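Breakdown of the fold
These are the residues of each chain, in order.
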Amino acid sequence: MNDPALTEQPMIENRTFDEIRLGDSASLSHTLSEQDIQVFAAVSGDINPAHMDPDYAAGSRFHHIIAHGMWGGGLISAVLGTRLPGPGTIYLGQSLRFLHPVVPGDTVQATVTVAEKRAEHEIVLLDCACTNQRGEIVIEGRAEVKAPKEKIRRPRVDMPDVSVMAHDGYRHVMEHAKQGAPLPTAVAHPCTPATLTAALEAAEAGLILPILVGPPARIQAAAIEAGLDISPYRLVASAHSHDSAAQAVALVRAGEACLLMKGSLHTDELMGAVVAHNGGLRTQRRISHAYVMDVPRHPSPLIITDAAINITPSLAEKADIIRNAIGLAQVLGMAEPKVAILAAVEVVNPEMPSTLDAAALCKMAQRGQITGGLLDGPLALDNAISIAAAAEKGIVSPVAGQADILVVPDLEAGNMLAKQLTFLGGADAAGIVLGAQVPIILTSRADSLRTRLASCAVAVLMARAKVSAQ
């Protein structure tokens with residue numbers, strides 16, 4: 001809670017019990033933001049939907065989210081601890097009455113006024129009031145404190161920088177995915193507690209109906225270790241991981257499963273069965289991987305491709321990677337996604353093949369060889385996602401600074417970008433393989449529950465879109 005009047009003063013000073021007079025008062029004000037509400041919820045653990053869920057709050061008596069009542073109480077505490085009496089004050093008691101809601105955008109001024117002094121034990125009673133910008137008293141009450149006896153004057157401690165890493169990017173994806181019936185999903189080799197849990201969590205969320213493919217004894221052992229009941233689900237026996245992959249793919253080819261999900265086998269084992277010339281799930285389109293990244297403080301999900309399948313894609317393969325990503329973006333609600341083709345620089349340099357590919361891909365889009373999205377490149381990462389950075393470089397483009405899809409030069413660049421966002425930027429990365437006959441769900445043991453469910457939800461939406469298009 002920043003008080004400009006306080007911030008300007010380099011020192012913080014109290015008023016001792018002897019200095020305090022009846023009628024003395026002090027105040028500070030703060031304009032409430034949604035981030036203030038989120039920070040208070042994170043610290044207090046109070047995630048009442050009246051404060052955190054706009055959809056729920058819209059149907060409440062207030063019709064919008066409101067601040068926690070004790071947020072105003074905290075503002076009063078700040079006055080007592082920093083202004084009157086100030087440092088050295090011991091809070092003994094507080095009564096509060098909440099008279100009006102406080103909503104984001106309200107400017108609340110907290111004022112404390114000395115009402116009574118008791119010489120014994122240096123007790124001070126103060127009337128407290130929080131008033132909004134309309135002059136309405138939103139909170140009133142009385143505080144009882146033990147005032148300091150000694151003068152304290154200290155350098156003011158700088159306020160810490162606080163940022164909220166909210167993960168709301170997947171919310172609409174989950175909501176849409178849950179609207180239909182769960183889809184039968186062949187889960188290849190879920191033979192560890194983590195992979196089996198991931199499949200059953202998605203089932204409990206109403207996203208998929210798992211078909212567990214693997215050695216029965218190993219799946220049962222994983223279920224016992226994880227404390228899971230797998231009796232409601234179909235179990236297809238296999239001899240080993242390669243056989244699990246082959247049988248899971250066969251279930252898809254037979255129409256018994258609409259999705260394929262990776263269990264505890266290696267990705268190359270699963271993909272080997274997927275791309276097999278006989279009995280695989282190939283299409284005319286190159287298979288590629290995409291991360292749907294929920295990046296804190298970024299307004300919408302970012303799609304990064306390809307970071308897991310194609311190591312050094314050719315120009316033709318990059319064209320398919322982009323087509324796959326555009327289809328994914330459209331399913332996620334981006335009618336005409338903006339595609340940034342990344343390189344280290346934003347100019348075409350014959351010594352850098354990635355810039356030549358970017359220029360060629362943009363020309364292909366101009367000639368109608370790639371449709372459904374707006375392409376631009378080469379673009380450096382900063383120019384792709386920052387309007388300010390693009391403006392600084394003088395780049396005029398409908399894509400620069402507002403990209404929805406980031407097409408990386410090769411797998412190494414994509415993998416490093418996705419993991420940097422995940423481990424340094426706090427992002428979630430839902431993974432999906434595109435271009436096969438059905439979407440393929442790739443999850444990792446390190447994924448959070450939110451990420452695992454999001455990966456399944458994205459795959460469900462892709463599968464339903466494919467059915468609708470047929």
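This text follows the structure it describes.
1. A short note on the overall build of the protein
When helices and strands are tallied, the protein shows 16 helices and 18 strands. Taken along the three principal axes of its C-alpha coordinates, the protein extends 90 × 60 × 40 Å. Of the contacts formed within the protein by residues at least 6 apart in sequence, a portion of 71% connects residues at least 24 apart. Within the protein, one finds 37 positive and 48 negative side-chain charges whose respective centroids are separated by 1 Å.

2. Focus: helix α10 (residues 267-274)
Among all positions in α10, only Glu269, Leu270, Met271, Ala273 and Val274 are buried. Looking at the buried residues of α10, the elements they touch are β8 (183-188), α9 (241-253), β11 (259-262), β17 (428-434) and β18 (440-442).

3. Comments concerning the packing of aromatic side chains
The final tally for this structure, using the stated rule, is zero aromatic pairs. Positioned above the aromatic ring of Phe17, the side-chain terminus of Lys117 is 4.3 Å from the ring centre.

4. Re the side chain of Asp106
Checked against the element boundaries, Asp106 lands in the loop between β3 (90-98) and β4 (107-118). The class of Asp106 is buried, set by a relative accessible area of 4%. Of note is the side chain of Asp106, whose polar atom sits 2.9 Å from the side chain of Gln133. Apart from the residues within four sequence positions on either side, Asp106 is in contact with His30, Thr31, Leu32, Pro101, Gln133 and Arg134.

5. Observations regarding α9
Between its first and last C-alpha atoms α9 spans 19 Å; for 13 residues at 1.5 Å apiece the expected length is 18 Å, and the two agree. The elements touched by buried residues of α9 are β8, β9 (208-214), β10 (234-237), β11 and α10.

6. Concerning the sheet that holds strand β13 (residues 302-305)
Across a sheet, strands are paired by hydrogen bonds formed along the backbone, either parallel or antiparallel in direction. Within the open sheet, the 11 strands sit side by side as β10-β9-β8-β11-β18-β17-β12-β13-β16-β14-β15. Their pairing is mixed. Whereas interior strands pair on both sides, the edge strands pair on one side only; in this sheet they are β10 and β15 (374-379). Here the strands of the sheet are splayed against their neighbours by 25° on average, with no regard to which way each runs. Strand direction decides the pairing type here: strand β14 (residues 338-342) and β15, joined by four bridges, are parallel. Counterpart to Val339 in the pairing with β15 is Leu375. Helix-sheet contacts for helix α12 (residues 353-366) involve β14 and β15, and the interaxial angle to β15 is about 165°.

7. Here's the deal with unusual backbone geometry
With an omega dihedral of 0°, the bond running from Thr305 to Asp306 counts as a cis peptide bond. Tracing the backbone through its elements, the reader meets Asp306 in the loop between β13 and α11 (315-331). Even without being a glycine, His189 presents a positive backbone phi close to 65°. Looking at the element boundaries, His189 is found in the loop between β8 and α7 (193-204).

8. As for the sheet that holds β4
Spatial ordering of the open sheet is given by β2-β4-β5-β6-β3, a layout of five strands whose pairing is antiparallel. Strands at the two margins of the open sheet, each flanked by one partner only, are β2 (25-31) and β3. For this sheet, the mean angle separating the axes of adjacent strands, direction not counted, is 20°. Of the pairings in the sheet, the one linking β3 to strand β6 (residues 137-146) comprises eight bridges and is antiparallel in character. Along β6, the bridge assignment pairs Gly93 with Glu144.

9. A look at the environment of Asp46
Considering the arrangement of structural elements, one finds Asp46 in the loop between α2 (34-44) and α3 (49-52). Given a relative accessible area of 31%, Asp46 falls into the partly exposed group. For Asp46 and His68, which are 22 residues apart along the polypeptide, the C-alpha to C-alpha distance reads 8.2 Å. In contact with Asp46, not counting residues within four places along its chain, are Ala41, His51 and His68.

Conventions and cut-offs
- Residues numbered from 1 in each chain as written.
- Predicted model: local features only at pLDDT ≥ 70, side-chain atom pairs only at ≥ 80, totals over all residues.
- Heavy atoms only, no water.
- Helix = DSSP H or I, 4+ residues; strand = E, 2+ residues; numbered from the N terminus.
- Contact = heavy atoms within 4.5 Å.
- Lys, Arg positive; Asp, Glu negative; His and termini not counted.
- Charge placed at Lys NZ, Arg CZ, Asp CG, Glu CD.
- Buried < 20%, exposed > 50% of the residue type's maximum accessible area, 1.4 Å probe, protein only.
- Phe/Tyr/Trp six-rings, centres within 6.5 Å; stacked < 30°, edge-to-face > 60°.
- Lys NZ or Arg CZ within 6 Å of the ring centre and 35° of its normal.
- Polar contact = N/O pair within 3.5 Å; in protein donor to acceptor, adjacent residues only side chain to side chain.
- Expected span 1.5 Å × (residues − 1).
- Pairing = 2+ DSSP bridges.
- Axes fitted to C-alpha atoms, helices over the stretch in contact; angles between N-to-C directions.

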